[in-house]
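Structural overview
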Amino acid sequence: MNRPLLLVGDLHLGRRPPGLGEVLPELGLEPRELSAVAAWEATVDWAIRREIRAVVLAGDVVEGLRDRFEAFTHLARGTKRLADAGIPLLAVAGNHDGEALPRLADRVPEVILVGRGGRWEIVPIPGRDGEPPVDLLGWSFPAPTVRNDPTEDPSFEEALDRRRESARLIGVVHGDLDAPGSRHAPLSRHRLAGASVDAWFLGHIHVPGTLDGPRPLGYLGSVGALDPGETGVHGPWELELDGGVAVRQIPLSPVRFENVEIELGDHAPAEPDALLASLEGTIRERLGPSLVTAGGHPRLLAVRLTLTGRPQARRAVDEIVRLEPLERLFPGEDPPMVISRITDRTRPAIDLEELAAATTPAGELARLLQALEHDPPRELLEAAERSIGGWKGSGWTGGEIPPPPETVELLRTAARRALLAVLDGRRDEEEP
Ligand SMILES: [Mn+2]
């Protein structure tokens, strides 16, 4: 038996993602269901369901001192549930909870605070018979501001000198990686990587790192996304120590924020409702597989959308930009989705007739596009068919038989791209 550990980044109990107020009641959701508390509860559920060996918190568990009463209740309740399941909870304090977390550890004896008072400490992680020994090396913020690199404190080398040769060693610390002037425990990657530690898991920055390779070193990220800027997958990380070091992120964040850019073409729907439906489809298709998660999360997908391109349907774009988020809510599929903001970067559609009147390269291309619409020039089609026939293989040989529509479409796309490139003063290869 060798149970995984669960590493948990910034929780910030007391925080709720802003700006979704009016959408939630419509979905029958309470604000707390998308909050840091919900992310913590999902983490505890996961740890119990997966029979995790120990849960390790990397600091900023509590948002601030004024949140500690609410946070106490939830952290204590989760810790108790873990303890009842035989799962220990270890934690280091961050800049937000240098005061709150030690106080909490004093009141909730199941919380094992590691590296109290800014002194590095190695703590064995409890295990069952037959499980390999694993130690945790950790350091806790002694105050909200720490200007020195914690690894330069003498207790760092002292702790490492006392490490058990027989045990794997996991480092957990809250601080600012590769940011020498930081007030939040500047950490040198070089010094961390130089220590004989199997993996380093950091708290503080809310964007999760990649955490791959034989000796991972990086940020766990926030557990629940707390702000529209915290896009992508968020959640705790499972760590397996079977010979090597294997880490995987568990997407338990109750809310998922994304920024999506969509280029609208000529055929974008001209009716606002149809345009919205088409955008919903494109967004779900693009994010598709990453939305299907083990824990039944997220409860809500909130998208900030940027529209580009030269659509004919610019009036429809104008209209959907002006809608309230509530009117851009799509509760039909799991997860429900809201387009919380639309940025319109579309440009005027091309007026082919006006362009075609000019004796410029753009005019030449515009006339070709018009011709492809109504009466495709046979010679051009035959030349195109000859050059693409090798891989398209439609077998069309010209003459009286109508050309295959895909050849016409291919030519149309090529001519349109060339025209856009000429109009934008760009070279053709820069077109997507
Ligand atoms: Mn922090």
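In this text, all values refer to a predicted model and were calculated from it rather than measured experimentally.

**As for the overall build of the protein chain**
Of regular secondary structure, the protein chain possesses 12 helices and 17 strands. Against the compact-globule benchmark of 22 Å for 432 residues, the protein chain has a radius of gyration of 29 Å, which places it well outside the compact range. Considering only C-alpha atoms, the protein chain reaches an extent of 85 × 45 × 45 Å along its principal axes. Put simply, the protein chain has 432 residues, and 51% of those count as buried. Pairs at least 24 apart in sequence give 70% of the contacts found in the protein chain among residues at least 6 apart.

**Regarding the confidence of the model for the protein chain**
Taken over all residues, the pLDDT of the protein chain has a mean of 89, while the share at 70 or more is 94%. Overall, residues 427–432 carries pLDDT values under 50, and its contacts beyond four positions in sequence, including any with other chains, amount to 11 contacts.

**What about the sheet that holds strand β16 (residues 329–330)?**
The 4 strands are arranged β14-β15-β17-β16 in an open sheet whose pairing can be described as mixed. Each end of this open sheet is capped by a strand with a single partner; those strands are β14 (255–264) and β16. Here β14 runs beside strand β15 (residues 300–309); their pairing, made up of 10 bridges, is parallel. Residue pairing in the sheet places Glu258 in a bridge with Val303 of β15. Taken strand by strand, helix α7 (residues 272–291) contacts β14, β15, β16 and β17 (337–344), and its axis lies near 125° from that of β14. In the packing of helix α8 (residues 314–322) onto the sheet, the strands contacted are β14, β15 and β17, and the crossing angle to β17 comes to about 125°.

**Focus: the sheet that holds strand β13 (residues 246–249)**
The mixed open sheet is built from 6 strands, whose spatial order is β4-β3-β2-β1-β12-β13. In the strand order of this sheet, the two ends are held by β4 (111–113) and β13, each with one partner. Taking each pair of neighbouring strands and ignoring which way they run, the sheet shows an average axis angle of 25°. Bridge count for strand β12 (residues 237–240) against β13 is 4 bridges, and the pairing is antiparallel.

**Here's the deal with the packing of aromatic side chains**
Within the structure shown, the criterion is met by 5 aromatic pairs. Judged by centre distance (6.4 Å) and plane angle (35°), the ring pair of Trp120 and Trp139 falls under tilted. Of this pair, Trp120 sits in the loop between β4 and β5 (121–125) while Trp139 sits in strand β6 (residues 134–139), and the two are 19 residues apart along the sequence. The two residues Trp120 and Trp139 agree in class, both being buried. One aromatic cluster is present, built from ring pairs that chain together Trp120, Trp139, Phe141, Phe156 and Trp200.

**Focus: a negative patch on the surface**
A cluster of acidic residues, Glu271, Asp273, Asp318, Glu319 and Asp344, forms a negative patch on the protein surface. Along the chain, Asp318 falls in helix α8. Take Asp318: its relative accessible area is 38%, and that puts it in the partly exposed class.

**Overview of the domain arrangement of the protein chain**
Under the domain assignment used here, the protein chain contains domain 1 (5–249), domain 2 (255–344) and domain 3 (352–430). The C-alpha centroid of domain 3 is placed 58 Å from the C-alpha centroid of domain 1.

**Looking at the packing of helix α10 (residues 361–374) against helix α12 (residues 405–424)**
Contact pair α10 / α12: the axes reach a minimum separation of 9 Å and the direction vectors enclose 155°. Our classification of the angle between α10 and α12 gives roughly antiparallel. Relative to α12, the crossing made by α10 is left-handed. Taken together, the residues of α12 that come into contact with α10 (itself represented by Ala362, Leu365, Leu368, Leu369, Leu372 and Glu373) are Val408, Leu411, Arg412, Ala415, Arg416, Ala418, Leu419, Val422 and Leu423. Considering only residue class, the contact of α10 with α12 consists of 12 nonpolar, no polar and 3 charged.

**Focus: the coordination of the manganese ion**
Taken together, the protein donors to the manganese ion comprise Asp60 (OD), Asn95 (OD1), His174 (NE2) and His204 (ND1), at separations of 2.0 to 2.3 Å. All donors to the manganese ion come from one chain, and their sequence spacing reads D-x34-N-x78-H-x29-H. Here Asn95, found in the loop between β3 (89–91) and α4 (100–107), pairs with His174, found in strand β7 (residues 168–174); they are 79 residues apart in sequence, far enough to count as distant. Just as Asn95 is buried, His174 falls in that class too.

**A closer look at the packing of α7 against α8**
At their nearest, the axes of α7 and α8 sit 9 Å apart, and the two run at 75° to each other. Viewed along their axes, α7 and α8 adopt a mutual orientation that is roughly perpendicular. Every residue of α8 that contacts α7 at Pro272, Leu275, Leu276 and Leu279 is listed here: Ala316, Val317, Glu319 and Ile320.

**Some details on the environment of Ile283**
Looking at where Ile283 falls in the secondary structure, it is placed in helix α7. With a relative accessible area of 0%, Ile283 lands in the buried category. Contact partners of Ile283, with chain neighbours within four places excluded, come to Val260, Ile262, Val303, Leu305, Met337 and Ile339.

**Quick word on the pattern of salt bridges**
A side chain of one charge can pair with a side chain of the opposite charge if their charged atoms are brought near each other. This model, assessed by the stated rule, comprises 22 salt bridges. Among the salt bridges present, the one from Glu280 reaches Arg284, with a minimum N-O distance of 2.9 Å. Remark: Arg284 and Glu280 occur in helix α7; sequence separation between them is 4 residues, near one turn of the helix. Neither Glu280 nor Arg284 differs from the other in exposure class; each is buried.

**Notes on the environment of Glu354**
On the secondary structure map, Glu354 appears in helix α9 (residues 352–356). Considering only alpha carbons, one finds Glu354 and Gln249, 105 residues apart in sequence, at a separation of 55 Å.

Criteria and thresholds
- Within every chain, residues take consecutive numbers counted from 1 along the sequence as written.
- Per-residue local features are limited, in this predicted model, to residues with pLDDT of at least 70; the limit for side-chain atom pairs, both in listing and counting, is 80 or more; totals at the level of whole chains, interfaces and linings are taken over all residues.
- Working from all heavy atoms in the structure, the side-chain values ignore hydrogens and water.
- A run of DSSP states H or I qualifies as a helix once it reaches four residues; a run of E qualifies as a strand once it reaches two. Both are numbered from the N-terminal end.
- Computation of the radius of gyration draws on C-alpha atoms, with the globule rule given as 2.2 Å multiplied by the number of residues to the power 0.38.
- Note on classification: 1.4 Å probe, protein chains only; a residue is buried when its accessible area is under 20% of the maximum for its type, exposed when over 50%, partly exposed between these limits.
- The contact criterion used throughout is that any non-hydrogen atoms of two residues lie within 4.5 Å.
- Confidence scores labelled pLDDT are given residue by residue by the predictor and lie between 0 and 100.
- A pair of strands is labelled paired if DSSP reports no fewer than 2 bridges between them.
- Comment: axis = line fitted to C-alpha atoms, over the contacting stretch for helices; angle = value between 0 and 180 degrees taken between N-to-C directions.
- Side-chain rings of Phe, Tyr and Trp, where Trp is taken by its six-membered ring, are said to pair if the distance between their centres is within 6.5 Å; with planes under 30 degrees apart they count as stacked, over 60 as edge-to-face, and otherwise as tilted.
- The patches described consist of residues with a relative accessible area above 30% and no salt bridge, like charges being joined within 9 Å and nonpolar side chains (Val, Leu, Ile, Met, Phe, Trp, Tyr) within 5 Å.
- Only the protein chains shown count as cover for residues, with accessible areas throughout obtained via the Shrake-Rupley method and a probe of 1.4 Å.
- For salt bridges, the criterion is a side-chain nitrogen of Lys or Arg within 4 Å of an Asp or Glu carboxyl oxygen.
- Counted as positive: Lys and Arg. Counted as negative: Asp and Glu, with His and the chain ends omitted from the count.
- The location of each charge is read from NZ of Lys, CZ of Arg, CG of Asp or CD of Glu.
- An automatic or database domain assignment supplies the residue ranges for each domain.
- When describing relative orientation, an angle under 35 degrees is termed roughly parallel and one over 145 degrees roughly antiparallel, while 65 to 115 degrees is termed roughly perpendicular and anything else oblique.
- Two helices that cross are described as forming a left-handed crossing if the nearer one is turned anticlockwise from the farther one by less than a right angle, and a right-handed crossing if clockwise.
- Amino acids are sorted into nonpolar (Ala, Val, Leu, Ile, Met, Phe, Trp, Tyr, Cys and Pro), charged (Asp, Glu, Lys and Arg) and polar (every other residue, Gly among them).
- Counted as donors are the N, O and S atoms within 2.8 Å of the metal, or 3.2 Å for Na, K and Ca, while water is not among the atoms, so some sites may look incomplete.

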